[in-house]
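# Coordinate analysis (summary)
Chain by chain, the residues:
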Amino acid sequence: MRSWVPCLLLLLCVSCDVFELHPYEIRGGVRDTNARALERLQRNVSGGSFRFAVLGDIGVYQDDSVDAVKDLARRDVDFVVQMGDLTEFSSAQEYDWVAGLLEDASVPALAVIGNHDLLGKGRELYLHRFGPTFLAFEHGGSRFVLFDSNSREYGFPGNVPDLEQLRSALGEAPGGGHLFTFSHVPPGHPDFDGSLTEPLEQLQAEHGVTVSFHGHTHRFSTDARRGVRYFIADSIELHSYLLVTVEGESVAVEQVFF
Amino acid sequence: MARSWLVGGLLASMLLAAHPVRAAPREAGAPWYVPDHAALQFAGSIGMLAAGPGWAFLDEQLELEVLVGWAPRAVAGADFVTLTLKGQWHPFHVTHREWSFRPFTVGAAFSYTFGDDYFLTLPDRYVSGYYWFKTALRPALLLGGSAGRPVPSLGLRHLEGYYELVATDYRIVQFLQNPSTVKTGLFTLALGARVRF
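Residues numbered from 1 in each chain as written. Chains lettered and ligands numbered in written order. Predicted model: local features only at pLDDT ≥ 70, side-chain atom pairs only at ≥ 80, totals over all residues. Heavy atoms only, no water.

Chain B is annotated in an unreviewed UniProt entry as Outer membrane protein beta-barrel domain-containing protein.

The name given to chain A in an unreviewed UniProt entry is Metallophosphoesterase.

What follows is the structure, encoded as C-alpha cells:
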C-alpha cells in the first residue's frame, strides 16, 4: 500500500509544474490567451465611446507589470494590449508567468509578439500560449489589428511584417469607426525591415489608420507620418502606459503613470 | 534537426560502447578517465530523461557527470536533445548501517541544446551584444541531496537516489528582478539515481 505514496506524490508534482523537461518545452499551462480575451471582450458591447490601454515591454519587469495590471482595474478600460517582449529569454516558464498575469487581469488582455519572445522555441510557445501572431478584431465600431513586425528575428525575409495580410485586414474595416494597429518594432527602427518602412507607412496612410502603436525602444515617443499618429509606449519598469479614449470622431492618447 | 539527431545518436552510441568497461568492478589504479559511476535523471531542464557517466574525486566529495538528455515531442511539444556537464560538491557524508547519506549537495551545470533553433554565437543578423545570453547554452545552479546503499541482489556496489533543485539562468534572473512573481518558481525538481561501479 505504501508504495503508492511516492507515485501519488509524483503525479501531484507533475500537475503543479514542479518538473521542467526543457527550458523551451511546449506543454500544458494557459492556452490561447488572446482568443479568450476576445471572448471576454465580445460580451462587453460598447457604443462609439470607450477606452483601452496599451502596455509596453515587460521583459525582466514582471513585478512592475503586476502593478500596471492592478492600476488598469481603476481606469474603466474595456481591454488592454501589451506591446510584446512578454519575456526576456522566450522560456516556457516566463511565458507561463506572463500568460497567467494577463489571464487574471480584471480586463481582457491581449499581447503582440516581441523579438525577445521569438528565441529558441519562442514562436511555438507564443502560438501555444497566445495564438496566431496576426489578429484582427472589432470593438465599439473600430477595428484593431495586431501583427508581427520583428523583421530582424527572421533575418529580414521581406514579408515580416506581412503587408498583404495587413492590407486585407485594414480593407475590411467597418465604415465610420477608427483603425488602430499594434506591432512591437516601430517602422524606421533598424530592427524593422528597411525595405518595408515606406510601404507600411503608405499602407497605413491609405487606409486612414488613426494610431499605430509600438514598443521595443523602451521609451515613450510619438510623431505623425503621412497623417498617421505613431506612439511608442514606455517599457513597464518606467511605470507608465498609454490610455486611449475614443469618443466618436475624437481619439485621445494619454500617457498615465502608476 | 537531422544533424542534431546524428550527434545525439553518436554520443548515445559512444556511451553504450563504454558500458562493458563501466560494468566491470572498479579496479584500484584504473586510469582517471574510466568513469566510476553512471547517473540516470528525470527532468531538471535537461530532458525528460538524461543519462551518462560520472567521475568522483577527493573521496567522492566532488563529482563530475556528462549527461545526454532527451525529451520527446509527444511529451515536451518538440524534440529536445541536450548534452550537460554537471559538477557537484558533497561536503557531508553520513553513514548509518549499510545506508549512506549525502544530505547537502551544491553544484552547477551547463546544458547545451542541439538544433538550429538555438545559438551559441549570435547569428550574423545581429550586432554584437544584441542578446546577452546564449539560447543553446543554459547555465544552472543546483541544490540537492542523496541517499544510497549497496544492492548485492542486483550486483550493485552502491545505488543511490537523489533529488535536485534546479535554478536555470532565466529563473535566477527573473527571481532577482521579480521575487513576488517568481517565488518558489526559482526552482524545479529533478529526480535521479546513481550507480557506482
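### Some thoughts on the side chain of Ser100 of chain B
Residues and elements named next belong to chain B. Looking at the secondary structure, you find Ser100 in strand 6 (residues 99–113). In this structure the side chain of Ser100 is engaged in a polar contact, spanning 3.4 Å, whose partner is the side chain of His158. For Ser100, the residues in contact, after removing those within four places along its chain, are His93, Val94, Thr95, Ser146, Ala147, Gly148 and His158. (Helix = DSSP H or I, 4+ residues; strand = E, 2+ residues; numbered from the N terminus. Polar contact = N/O pair within 3.5 Å; in protein donor to acceptor, adjacent residues only side chain to side chain. Contact = heavy atoms within 4.5 Å.)

### Concerning the layout of surface pockets
Considered as a void within the structure, the second largest pocket measures approximately 370 Å³ in volume. Forming the boundary of the second largest pocket are 19 residues, of which Gly120 of chain A together with Asp116, Asp117, Tyr118 and Arg125 of chain B lie nearest the centre. Taken together, the residues of the lining of the second largest pocket sort by class into 8 nonpolar, 5 polar and 6 charged. (1 Å grid on protein atoms, 1.4 Å probe; cavity = no way out; pocket = protein on both sides within 12 Å on 5 of 7 lines; lining within 4 Å. Points joined across faces, edges and corners; volume = space filled by probe spheres on them. Nonpolar A, V, L, I, M, F, W, Y, C, P; charged D, E, K, R; others polar.)

### Quick word on unusual backbone geometry
Residues and elements named next belong to chain A. Between Val160 and the following residue, Pro161, the backbone shows a cis peptide bond with an omega angle of 0°. Examined against the element boundaries, Pro161 turns out to sit in the loop between strand 5 (142–146) and helix 6 (163–171). For Asp32, which is not glycine, the phi dihedral falls at a positive 50°. As for its placement among the helices and strands, Asp32 is situated in the loop between helix 1 (4–15) and helix 2 (33–42). The exposure class assigned to Asp32 is partly exposed, which follows from its relative accessible area of 32%. With a phi angle near 65°, Ser90 is a residue other than glycine that sits in the positive phi range. Structurally, the position occupied by Ser90 is in the loop between strand 2 (79–82) and helix 4 (92–103). (Buried < 20%, exposed > 50% of the residue type's maximum accessible area, 1.4 Å probe, protein only.)

### As for the nonpolar core
General note: in soluble globular proteins, nonpolar side chains tend to be found buried as a group. Residue and element names in this part refer to chain A. If you look at the biggest cluster of nonpolar residues, it comprises 48 residues, and the most contacted ones within it are Leu86 and Phe130. At the level of elements, strand 1 (49–55), helix 3 (62–72), helix 4, strand 3 (109–111), helix 5 (122–129) and strand 10 (240–247) are the ones that each hand at least two residues to this core. Excluding residues that lie within four positions of it along the chain, Leu86 makes contacts with Ile58, Gly59, Tyr95, Val98, Leu102, Ala111, Val112, Asp117, Tyr126 and Phe130. Counting residues in hydrophobic clusters, the runner-up holds 24 residues, among them Ala37, Val112, Phe137 and Leu242. (Core = buried A, V, L, I, M, F, W, Y, C linked by side-chain atoms within 4.5 Å.)

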